[in-house]
Amino acid sequence: MSRVPEGFPKDFLWGGAFAANQMEGAYDVGGKGLCIADINEFVDDIPLEKKYNGEVTTQYIKDAVASKDRVFPKRWGIDFYHTYKEDLKLLKELGLKTYRTSINWARIFPHGDETEPNEEGLKFYDDLINEIIANGMEPMITISHYEMPLYLTTHYKGWYSREVIDFFYRYCKVLFDRFGDRVKMWIIVNQINLIAVESFNHLGVAEDLVENIAEAKYQAVHNEMVACAKATAYAHSLDKGIRIGMMLCGGPAYPATCKPEDVLACMRHNQMEYFCADVLLRGRYPGYAFRFFEERGYNIVFGEEDEEILKNTADFMSFSYYYTRVCDKESYEKDNSAYRNKELPANPWGWTIDPTGLRYMLNVFYDRYQCPIYITENGVGYFDKLEADGTIHDPYRVEYFKAHIEQMKEAIRDGVDLRGYYAWGPIDIISCSSSEMSKRYGFVYVDQDDYGKGSGRRIKKDSFAWYQHVIETNGAEL
């Protein structure tokens, strides 16, 4: 009889995760084209809980590109494009075993539909990957993380257009050929199930270019999954030991009540949150998805070879974990939505804090897929204060991570095959949802405000030493 595991595996990967668009800056350097994130605007005078990226029209895009006075912080990020060597040394000191970042699609194919890649962009990522490895970290690379070339939105219809399947496949092939000798862990699409939240950032579909935006999003994600499966097949054909992961945004919804109709509605809501993983890990569409489309009158068009292509499944499952929500019959039937759980504490932006939900989610996913799992994002945004003596005291961050890591340990004792954990944004970066600098996640403070002003100096927070010790003890001492 096997024993219950005690603690984390010896080869557990303690890491940190970033996105190119939130940190690199240099948006018009090195032959890079505009990407979707480059038009994410910072607007100061709205409530925190309403700061997020919504739907976009072609007129918004034109105005954003032409604007000389609006604020688009992801264009400058934290200037990682020029500071990556110093920043990676800090992360080596932190003790990270692995480093997740994305490659900005618009650095490699500025318009997205070119036949030849931009060599200057490839060279930057050659140097970056080499530096990651030189600092003792294993790279995990995300191929698409809200960095679709903007041209593919304005001259096509983003992922709604089937032409983008081949454009993306070409892009993936270039990356696997160029970096596959050094990068063995890949995630093709970040949080692929984000169809309601961050949907334009993810899918690049301007709502005025399609008749039914809700249907168009599911068609777009279908095309995206076909492209993922094609890319997976190519990566496996190279015989370089490349492992392909798929990634969900992983916070579950709980039933709002114990009424059977709410429990059933919540189950159906969660099914549609998991359905991309069902396709990319099981190789086929689940029946519940077809019923969901039928009930809403969505016509999702399959290409002749799509079903066969989708049989090329990923090697591991990964997910981000930030918050949980609740769902009832009414919210499900309205727009398959869930809403904030008022029983739980939340950060100032209304993101609930639910460590137990992480254990629950790990068990659900492992029971469902029986494959290796990586938590590829976890963290919480807070306002941090730089004290007069140059220190940053953030016990709230330590408390948050400690509680979540404890639940990871419990999930491993439950039998979950958890291989790695990536804290989100170990160095402060621009917020994805609100494009603010003041919503900080890191163990390292960056002296920069929401308008890009400041020295840019990196300063260790109290949580830096805490996470460093967690890694040194392989999670035994929290």
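Scroll up for the structure.
On a predicted model such as this, the values are computed, not experimentally measured, just so you know.

**Some thoughts on the overall build of the protein chain**
For step 1, the next point in the chain: Regarding its fold elements, the protein chain presents 16 helices and 13 strands.
For step 2, the next point in the chain: Since a compact globule built from 478 residues should have a radius of gyration of about 23 Å, the 21 Å found for the protein chain is in line with a globular shape.
For step 3, the next point in the chain: Expressed as lengths along the three principal axes of its C-alpha atoms, the size of the protein chain is roughly 60 × 55 × 50 Å.
For step 4, the next point in the chain: Every one of the 478 residues in the protein chain was classed for burial, and the buried ones make up 60%.
For step 5, the next point in the chain: Within the protein chain, residue pairs in contact and separated by at least 24 positions form 78% of the contacts whose partners lie at least 6 positions apart.
For step 6, the next point in the chain: Positive and negative side-chain charges in the protein chain, numbering 55 and 74 respectively, have mean positions lying 2 Å apart.

**Points about the packing of helix 7 (residues 163-179) against helix 9 (residues 213-237)**
A packed helix pair is summarised by two numbers, namely the angle formed by the two axes and the spacing between the axes.
For step 1, the next point in the chain: Direction vectors running N to C along helix 7 and helix 9 enclose 30 degrees, while the axes themselves pass 9 Å from each other. For the element pair helix 7 / helix 9, the angle class is roughly parallel. Pair helix 7 / helix 9 crosses with right-handed handedness. Packed against helix 7, whose contacting residues are Ile165, Asp166, Phe168, Tyr169, Cys172, Lys173, Phe176 and Asp177, the element helix 9 presents Asn223, Val226, Ala227, Lys230, Ala231, Tyr234 and Ala235 at the interface.
For step 2, the next point in the chain: For the contact of helix 7 with helix 9, the residue count by class is 10 nonpolar, 1 polar and 4 charged.

**Points about the nonpolar core**
For step 1, the next point in the chain: Counting 153 residues, the largest nonpolar core has Phe275, Phe319 and Tyr467 as the members making the most contacts within it.
For step 2, the next point in the chain: Of all the elements, helix 9 adds the most residues to this core, at 12 residues.
For step 3, the next point in the chain: Those residues in contact with Tyr467, other than ones at most four positions away along the chain, are Trp14, Gly15, Leu94, Leu96, Tyr421, Ala423 and Phe443.

**Here we look at the state of the cysteines**
For step 1, the next point in the chain: This structure, assessed with the given rule, holds 0 disulfides.
For step 2, the next point in the chain: Looking at Cys432, it has no disulfide partner, and the nearest cysteine sulfur is the one in Cys249, 9.9 Å off.
For step 3, the next point in the chain: Since its relative accessible area comes to 19%, Cys432 is described here as buried.

**Side note on the sheet that holds strand 4 (residues 185-189)**
For step 1, the next point in the chain: Read around the barrel, 8 strands follow the order 1-2-3-4-5-7-10-11 and close on themselves; strand pairing throughout is parallel. Here the strands of the sheet are splayed against their neighbours by 25 degrees on average, with no regard to which way each runs.
For step 2, the next point in the chain: For strand 4 and strand 5 (residues 243-249), the ladder comprises 3 bridges, and the chain directions are parallel. Residue pairing in the sheet places Trp186 in a bridge with Ile244 of strand 5.
For step 3, the next point in the chain: Contacts from helix 5 (residues 119-134) reach strand 2 (98-102) and strand 3 (138-144) within the one sheet, and its direction differs from that of strand 3 by about 150 degrees.
For step 4, the next point in the chain: Across the face of the sheet, helix 14 (residues 355-369) comes into contact with strand 5, strand 7 (316-321), strand 10 (373-378) and strand 11 (418-424) while running at roughly 160 degrees to strand 7.

**Structural notes on the side chain of Ser331**
For step 1, the next point in the chain: Relative to the assigned elements, Ser331 resides in helix 13 (residues 329-335).
For step 2, the next point in the chain: The residues contacting Ser331, other than those within four sequence positions of it, are Asn336, Ser337 and Tyr339.

**Let's talk about the side chain of Glu224**
For step 1, the next point in the chain: Relative to the helices and strands, Glu224 is located in helix 9.
For step 2, the next point in the chain: Summary of buried charges: Glu224 has no salt-bridge partner, and the nearest side chain of opposite charge, Arg100, is 12 Å away.
For step 3, the next point in the chain: Looking at Glu224, its side chain comes within polar contact range of the side chain of Trp159, at 3.4 Å.
For step 4, the next point in the chain: Apart from the residues within four sequence positions on either side, Glu224 is in contact with Trp159, Val189, Ile192, His202 and Leu203.

**Re helix 11 (residues 287-296)**
For step 1, the next point in the chain: Every buried residue of helix 11 is accounted for by Tyr288, Ala289, Phe292 and Phe293. Down the axis of helix 11, the smallest arc covering the buried residues is 140 degrees, so these residues share one side. Among the exposed residues of helix 11, those oriented more than 90 degrees off its buried face are Gly287, Arg291 and Glu294.
For step 2, the next point in the chain: On the buried face of helix 11, the contacting elements are helix 9, helix 10 (260-282), helix 13 and helix 14.
For step 3, the next point in the chain: In the segment just after helix 11, Gly297 is the residue with positive phi, at about 75 degrees.

**Side note on the sheet that holds strand 9 (residues 339-340)**
For step 1, the next point in the chain: Pairing is mixed in the open sheet, where 3 strands are placed in the order 6-8-9. Only two strands of the sheet have a single neighbouring strand rather than two, namely strand 6 (253-255) and strand 9.

Scoring rules and cut-offs
Sequence order as written defines residue numbering, which begins from 1 separately in each chain. Given that this is a predicted model, residues contribute local features only at a pLDDT of at least 70 and side-chain atom pairs are listed and counted only at 80 or more, while totals for whole chains, interfaces and linings are drawn from all residues. To obtain the side-chain values, all non-hydrogen atoms of the structure were included, while hydrogens and water were left out. For the purposes of this entry, the term helix denotes a DSSP run of H or I that reaches at least four residues, the term strand denotes a run of E that reaches at least two, and both are numbered from the N terminus. For a compact globule the rule gives 2.2 Å times the number of residues to the power 0.38, and the radius of gyration it is set against comes from C-alpha atoms. Relative accessibility under 20% of the residue-type maximum defines a buried residue, over 50% an exposed one, and the middle range a partly exposed one, all with a 1.4 Å probe and only protein chains included. Contact between two residues is taken to exist if any of their heavy atoms lie within 4.5 Å; hydrogens are not considered. Charged-residue counts in this description rest on Lys and Arg as positive and Asp and Glu as negative, His and the chain ends being excluded. To locate a charge, take atom NZ for lysine, CZ for arginine, CG for aspartate or CD for glutamate. Inter-axis angles, ranging from 0 to 180 degrees, are taken between N-to-C directions of lines fitted to C-alpha atoms, where helices are fitted over the stretch in contact. Every angle not falling under 35 degrees, over 145, or within 65 to 115 is termed oblique; those three ranges are roughly parallel, roughly antiparallel and roughly perpendicular. By convention the crossing between two helices is left-handed if the near helix lies anticlockwise of the far one by an angle smaller than a right angle, and right-handed if it lies clockwise. Classification convention: Asp, Glu, Lys, Arg as charged; Ala, Val, Leu, Ile, Met, Phe, Trp, Tyr, Cys, Pro as nonpolar; all other residues, Gly among them, as polar. Here, nonpolar core means buried Ala, Val, Leu, Ile, Met, Phe, Trp, Tyr and Cys residues that are tied together by side-chain atoms lying within 4.5 Å of each other. When two cysteine sulfur atoms lie within 2.5 Å, the pair is treated as a disulfide. Here a strand pair is declared whenever DSSP counts at least two bridges between the two strands. Just to be clear on terms, a salt bridge is a Lys or Arg side-chain nitrogen sitting within 4 Å of an Asp or Glu carboxyl oxygen. Counted as a polar contact is a pair of N or O atoms within 3.5 Å, where, for protein atoms, one must be capable of donating a hydrogen and the other of accepting one, and residues adjacent in sequence contribute only when both atoms are in side chains. Taken from the helix axis, the directions to the C-beta atoms give the arc we talk about.

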